[in-house]
Amino acid sequence: MNVLAKAADLEADAPAGAFVQEVTSVQHYTDRLFRFRMTRPASFRFRSGEFVMIGLMIEGKPLYRAYSIASPSWDEELEFFSIKVPDGPLTQHLQKIQPGDAVLMKKKPTGTLVNDALIPGKRVYMFSTGTGIAPFASLIRDPDTYEKFDQVILTHTCREVAELKYGLDLVEETKNDPLIGEYAREKLVHYASVTREDYPFKGRITDLIENGKLFTDLGVPPLDPAIDRGMICGSMEMLRDTKALLEKAGLTEGANNKPAEFVVERAFVG
Ligand code: A2P
């Protein structure tokens, strides 16, 4: 079944409450991961780190899933980083999109992984696994992040080395960016680890926090609620386990209406 339509053809029957946007580029990394960029509606505003509902028309009905916006809020396009699930209701189709195709986007962004939900601190850790790096791809390209923190540590853990490429390219591009490169070169640290292949840094981020290797490798003191802040994005299990370790270190969870020392992605739990 081909559910993909050209943006120009779908424009006239846009579902209520959704924008119809046009894919501008697609890059496949592995058989499980790809990214795409699309046009951004002129009226669409969001805070770096937020997510939005992305969808396609399937059998005449729109089907949406939550996607973190990976581009910074100043970018004229929108970027997303996605998994490909062979029989995933949305991603089995979304993984086939090409430039010119239509993608639906609901009009209201939301989310907890925003700078406003953290109280000021010295260092922010952005803990991610797999496509969980997406909201941080936005945040590490936002000048506000560097205004708020002296050091920004992005951790990314994947099963295989090839899955790290999106993050490695992202950090290199960010450090060379004319707008934020100067801040990123001074403050951004990328810590990439792999769990199912050989790599200089091996292991789940939870194990690396627990056994202290993360801090020794980075040359920083252990987690300290007085100065350290955290943001977590990954699978449900990873969110739960990483949150427990931050709480054990004395950090408390914050929200938009009650900023505190760390925040957890809430896209999966509605
Ligand atoms: P592992 O290979 O040991 O399962 P996935 O693609 O399944 O979301 O996994 C992405 C990365 O997250 C993998 O490296 C995986 O490690 C790791 N991971 C899975 N579950 C957890 C967890 N509960 N805590 C920390 N890391 C996890």
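The structure this text deals with has already been given above.
Numbering of residues begins from 1 in every chain and follows the order in which that chain's sequence is written. With the structure being a predicted model, the display of local features is reserved for residues of pLDDT at least 70 and the display and counting of side-chain atom pairs for 80 or more, all residues being used for whole-chain, interface and lining totals. To obtain the side-chain values, all non-hydrogen atoms of the structure were included, while hydrogens and water were left out.

**Student:** How should the site of the ligand be read in this particular structure?
**Tutor:** We call a residue near a given molecule or strand whenever any one of its heavy atoms falls within 4 Å of it. Every residue lining the ligand is accounted for by R32, T129, T157, C158, R159, T195, R196, R204, T206, E237, M238 and D241. In the model, an oxygen atom of the ligand is placed 2.6 Å from a nitrogen or oxygen of the R196 side chain. Secondary structure elements with two or more residues in the shell around the ligand: β8 (151–158) and α9 (236–248). By definition, any uninterrupted DSSP run of H or I lasting at least four residues is a helix, any uninterrupted run of E lasting at least two residues is a strand, and each is numbered from the N terminus. Among the elements that make up the shell around the ligand, the one with the highest residue count is α9 (3 residues). Gly counts as polar in this scheme, as do all residues outside two lists: the nonpolar Ala, Val, Leu, Ile, Met, Phe, Trp, Tyr, Cys and Pro, and the charged Asp, Glu, Lys and Arg. Here the shell around the ligand is built from residues that sort into 2 nonpolar, 4 polar and 6 charged. Under this definition, polar contacts are N or O atom pairs within 3.5 Å; protein pairs additionally need one hydrogen-donor-capable and one acceptor-capable atom, and for neighbouring residues in sequence, both atoms have to be side-chain atoms.

**Student:** Please explain the nonpolar core as it appears in this structure.
**Tutor:** Burial of nonpolar side chains together is a common tendency in soluble globular proteins. With 28 residues, the main nonpolar core has M126, I140 and M231 as its most contacted residues. Within the residue set of this core, elements represented by two or more residues are β7 (123–129), α3 (134–139), β8, α5 (165–175) and β10 (228–233). If one sorts the elements of this core by residue count, α3 sits on top with 4 residues. In this entry, domain limits derive from an automatic or database-based domain assignment. Each of domain 1 (7–109) and domain 2 (115–266) gives at least three residues to this core. Residue types Ala, Val, Leu, Ile, Met, Phe, Trp, Tyr and Cys, when buried and joined through side-chain atoms within 4.5 Å, form a set referred to as a nonpolar core. Categorising residues by exposure relies on relative accessible area from a 1.4 Å probe, with only protein chains included: less than 20% of the type maximum marks a residue as buried, more than 50% marks it as exposed, and the intermediate range marks it as partly exposed. Listed in part, the 22 residues of the second largest apolar core include L4, F46, I69 and L90.

**Student:** Looking at this structure, I do not really get the sheet that holds strand β2 (residues 33–39). What am I missing?
**Tutor:** What holds strands together in a sheet is hydrogen bonding between their backbones, with the strands either parallel or antiparallel. A pair of strands is treated as paired once DSSP finds two or more bridges between them. A sheet is described by the order of its strands in space; here 6 strands give the open sequence β4-β3-β6-β1-β2-β5, paired in antiparallel fashion. Edge positions in the sheet fall to β4 (61–68) and β5 (77–83), since each of these pairs with one other strand and no more. Within this sheet the neighbouring strands show an average axis-to-axis angle of 40°, counted without direction. Helix axes are fitted only over the stretch in contact, all axes being lines through C-alpha atoms; the angle between N-to-C directions runs from 0 to 180 degrees.

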